[in-house]
Amino acid sequence: MTLLQMALLGSAGLIMFSLLLGWLSLGIALTPLLGLGLVFLAGLVYALFGIARFELMRVSNLYDMDVTALSWRPRRREGFGEYVRSLGRNLANGRMWALLGSLLFSCLAGSLMLSAMELAVRTGIVAFAPVLQSGQADPLASVPGLWGFQIPVGQAPWLLLAALLGLAVAVGLVFLHRMVTVGIVGSIARETALVERVRTTAVQREGAVRAAEVERTRIERDLHDGVQPRLVSVAMTLGLAHQQIDSDPQQAKELVAEAHASTKSAITELRQLTRGIYASVLDDRGLDAALSAIAGRSHIPVGLDVQLNGRYPRVAEAAVYFAIAEALTNAAKHSRAQRCQVTVRVREHEGQQSLWARIEDNGTGGARITPGGGLDGINNRVLAAGGTLNLDSPAGGPTAVEVNVPCAY
């Protein structure tokens, strides 16, 4: 396939580049004529970008490379000036010029390969034809060689050596083409992968920061609205008991009993609060048992279908656990659902395991991700763990939330 592609590029590629140079010259020449040449130059930018994308697809498909396609850098705002700046940004795209250089090299190497193969074929024919016809070679014969040079025919071995040399040059150019083009495209692939990794890391960091902020706000709210007033009430009740312990011991006992009951309620609320921060059952018994506990405490019936093999990283298990817990809480508060179904599986994608969960209810639907809401908290937790969230909630229901969290990232 490399040989065939180089032959095609060697015969037609240089013509294509000559046409592009002519296009450029025409655009420059027509620019003083009411700026008409600018239209040709703008079209040339699109043509160069398309040719660069073709070269990327050609090399990646030929050598089975996993490369992200070259993307056009769009306008950031409306207006003609921004359109011109967008053309300038794309014209200054170093990846595009690297791919054009790769294509130009392939065309030159293909042309040289065709010349070397022509030399090998013609020399081989001259070497064998006289022997096949008369049994001896004509020492005065000559053969057209590379770039029109005439090669005198002496002895057949010399001609065979020249033919083998031409074939060796052709094969060497094929391997040189592979080395150069794979090096160029591979460097672009590594750069693209690095940029994508940085972008993904930035998204995960942003999600982690938002999740931490939402969690901090929730803890503060729960402490302020729940546990703190109850502890203040306990303190006041004990203060009254202390004042009446001498004058009215019976009343003091009742106040102490009331404070004791309030203390137990506060302890229960604190346990629920800490369970919301991190469920200890995850560390002790794993995700399956933790989800069973959630389903048992849910205000609406929950069908649980969990198929897991062993334990998984703590980050992944925690993200899936809290996503399911928050989704069930939202369903109980807002969806008016009669039943929820939770499905958890382990999936393989590109050799990497991930935890996949789907939470579906038969409620009224219409759920949306809003800043500071429950679904936004789920999304932030999942993003922080390197995963993704998909929400499908048409008006009228049902609502389905899918989370996919890699077990390593």
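Residues numbered from 1 in each chain as written. Predicted model: local features only at pLDDT ≥ 70, side-chain atom pairs only at ≥ 80, totals over all residues. Heavy atoms only, no water.

### Some points on the overall build of the protein
Now for step 1: Scanning the protein from N- to C-terminus turns up 10 helices and 7 strands.
Now for step 2: Once local pairs closer than 6 in sequence are excluded, the contacts in the protein between residues at least 24 apart make up 66%.
Now for step 3: Accessible surface, the protein: about 23,800 Å² in total, of which carbon and sulfur atoms supply 62%. (Helix = DSSP H or I, 4+ residues; strand = E, 2+ residues; numbered from the N terminus. Contact = heavy atoms within 4.5 Å. Areas by Shrake-Rupley, 256 points an atom, 1.4 Å probe, with all protein chains shown as cover.)

### A word on the layout of surface pockets
Now for step 1: When its volume is computed, the second largest pocket comes out at roughly 490 Å³.
Now for step 2: Lining the second largest pocket we find 20 residues, and of these Leu 41, Leu 44, Val 45, Leu 48 and Leu 91 sit closest to its centre.
Now for step 3: Elements that contribute at least two residues to the lining of the second largest pocket include exactly α1 (2-30), α2 (36-62), α3 (80-91) and α4 (94-134).
Now for step 4: Here the lining of the second largest pocket is built from residues that sort into 18 nonpolar, 2 polar and no charged. (1 Å grid on protein atoms, 1.4 Å probe; cavity = no way out; pocket = protein on both sides within 12 Å on 5 of 7 lines; lining within 4 Å. Points joined across faces, edges and corners; volume = space filled by probe spheres on them. Nonpolar A, V, L, I, M, F, W, Y, C, P; charged D, E, K, R; others polar.)

### Comments concerning the pairing of strand β7 (residues 399-406)
Along any regular strand the residues' side chains alternate between the sheet's two faces.
Now for step 1: β7 sits mainly inside the fold: 6 of its 8 residues count as buried.
Now for step 2: Relative to β7, strand β5 (residues 352-361) runs antiparallel, the two sharing 8 bridges. Note that in β7 the partner of Leu 355 across the bridge is Val 405.
Now for step 3: By the bridge criterion, 5 bridges tie strand β6 (residues 388-392) to β7 in an arrangement that is antiparallel. Bridge pairing in β7 links Asn 390 to Glu 402.
Now for step 4: Taken together, β6 and the strand that follows it, β7, pair antiparallel across an intervening segment of 6 residues, in which Gly 396 is found at a positive phi of about 95°. (Buried < 20%, exposed > 50% of the residue type's maximum accessible area, 1.4 Å probe, protein only. Pairing = 2+ DSSP bridges.)

### Some words on helix α9 (residues 314-335)
Now for step 1: The end-to-end C-alpha distance of α9 is 30 Å, a good match for the 32 Å that 22 residues give at a rise of 1.5 Å each.
Now for step 2: Count one or two residues on from α9 and you reach Arg 336, which has phi positive near 55°. (Expected span 1.5 Å × (residues − 1).)

### A look at the UniProt feature "transmembrane region" (unreviewed entry) in the protein
Now for step 1: UniProt records the feature "transmembrane region" (unreviewed entry) for residues 7-26, 32-52, 96-117 and 156-176 in the present numbering.
Now for step 2: For residues 32-52, helix accounts for 81% and strand for 0%, while the C-alpha atoms at its two ends are 29 Å apart.
Now for step 3: End-to-end, the C-alpha atoms of residues 96-117 are 31 Å apart, and along that stretch the chain is 100% helix and 0% strand. (UniProt positions renumbered as here; feature names shortened; annotations may be inferred.)

### Digging into the confidence of the model for the protein
Should the pLDDT be low somewhere, the predicted coordinates at that spot are not to be read in detail.
Now for step 1: Mean pLDDT over the protein: 77, with 81% of residues reaching 70 or higher.
Now for step 2: The element-level mean pLDDT for the protein is lowest in strand β1 (residues 142-144), coming to 47, with β7 highest at 88.
Now for step 3: Note that residues 131-151 has pLDDT below 50 and, in this model, 35 contacts with residues that lie over four places away or in other chains. (pLDDT = per-residue confidence, 0-100.)

### Digging into α3
Now for step 1: For α3, which comprises 12 residues, the first-to-last C-alpha distance of 16 Å matches the rise-based estimate of 16 Å (1.5 Å per residue) to within 8%.
Now for step 2: Taken residue by residue, α3 has Glu 82, Ser 86, Leu 87, Arg 89 and Asn 90 as its buried positions. Taken down its axis, α3 places every buried residue within 160° of arc, on the same side. (Arc of directions from axis to C-beta.)

### A few points about the environment of Ser 18
Now for step 1: Following the sequence through the fold, Ser 18 ends up in helix α1.
Now for step 2: Its relative accessible area of 48% is what places Ser 18 among the partly exposed residues.

### Describing the environment of Leu 14
Now for step 1: Looking at the element boundaries, Leu 14 is found in helix α1.
Now for step 2: For the pair Leu 14 and Gly 110, spaced 96 residues apart in sequence, the C-alpha to C-alpha distance is 9.7 Å.
Now for step 3: In contact with Leu 14, other than residues within four places in its own chain, are Leu 9, Cys 107, Leu 108 and Ser 111.

### Structural notes on the pattern of salt bridges
Now for step 1: In total, this model carries 5 salt bridges according to the counting rule given.
Now for step 2: With its nearest N and O atoms 2.7 Å apart, the salt bridge here joins Asp 305 to Arg 345. Of this pair, Asp 305 sits in strand β3 (residues 302-306) while Arg 345 sits in strand β4 (residues 340-349), placing them 40 residues apart in sequence.
Now for step 3: With a shortest N-O distance of 3.0 Å, Arg 311 and Glu 317 are connected by a salt bridge. (Salt bridge = Lys/Arg side-chain N within 4 Å of Asp/Glu carboxyl O.)

### Overview of the packing of aromatic side chains
Now for step 1: If you walk through the whole model with that rule in mind, you get 1 aromatic pair.
Now for step 2: With 5.1 Å between their ring centres and 80° between their planes, Tyr 321 and Phe 322 make a pair best called edge-to-face.
Now for step 3: Since its relative accessible area comes to 8%, Phe 322 is described here as buried.
Now for step 4: For Arg 381, the ring lying beneath its charged end belongs to Phe 322, and the centroid distance is 4.1 Å. (Phe/Tyr/Trp six-rings, centres within 6.5 Å; stacked < 30°, edge-to-face > 60°. Lys NZ or Arg CZ within 6 Å of the ring centre and 35° of its normal.)

### As for the side chain of Asn 93
Now for step 1: You can see Asn 93 is positioned in the loop between α3 and α4.
Now for step 2: Residue class for Asn 93 comes out buried when judged on its relative accessible area of 3%.
Now for step 3: The residues touching Asn 93, leaving out its near neighbours within four places in the chain, are Leu 70, Ser 71 and Arg 73.

### Details of the packing of α1 against α2
Now for step 1: Running from N to C, α1 and α2 point in directions that differ by 165°, and their axes come no closer than 9 Å. Judged on the interaxial angle alone, α2 and α1 are roughly antiparallel. Crossing handedness for the pair α1 and α2: left-handed. Every residue of α2 that contacts α1 at Thr 2, Gln 5, Leu 9, Met 16, Leu 20, Trp 23, Leu 24, Leu 26, Gly 27, Ile 28 and Leu 30 is listed here: Leu 36, Gly 37, Phe 40, Leu 41, Gly 43, Leu 44, Ala 47, Leu 48, Ile 51, Arg 58 and Leu 62. (Axes fitted to C-alpha atoms, helices over the stretch in contact; angles between N-to-C directions. Parallel < 35°, antiparallel > 145°, perpendicular 65-115°, else oblique. Left-handed = near helix turned anticlockwise from the far one by under 90°.)

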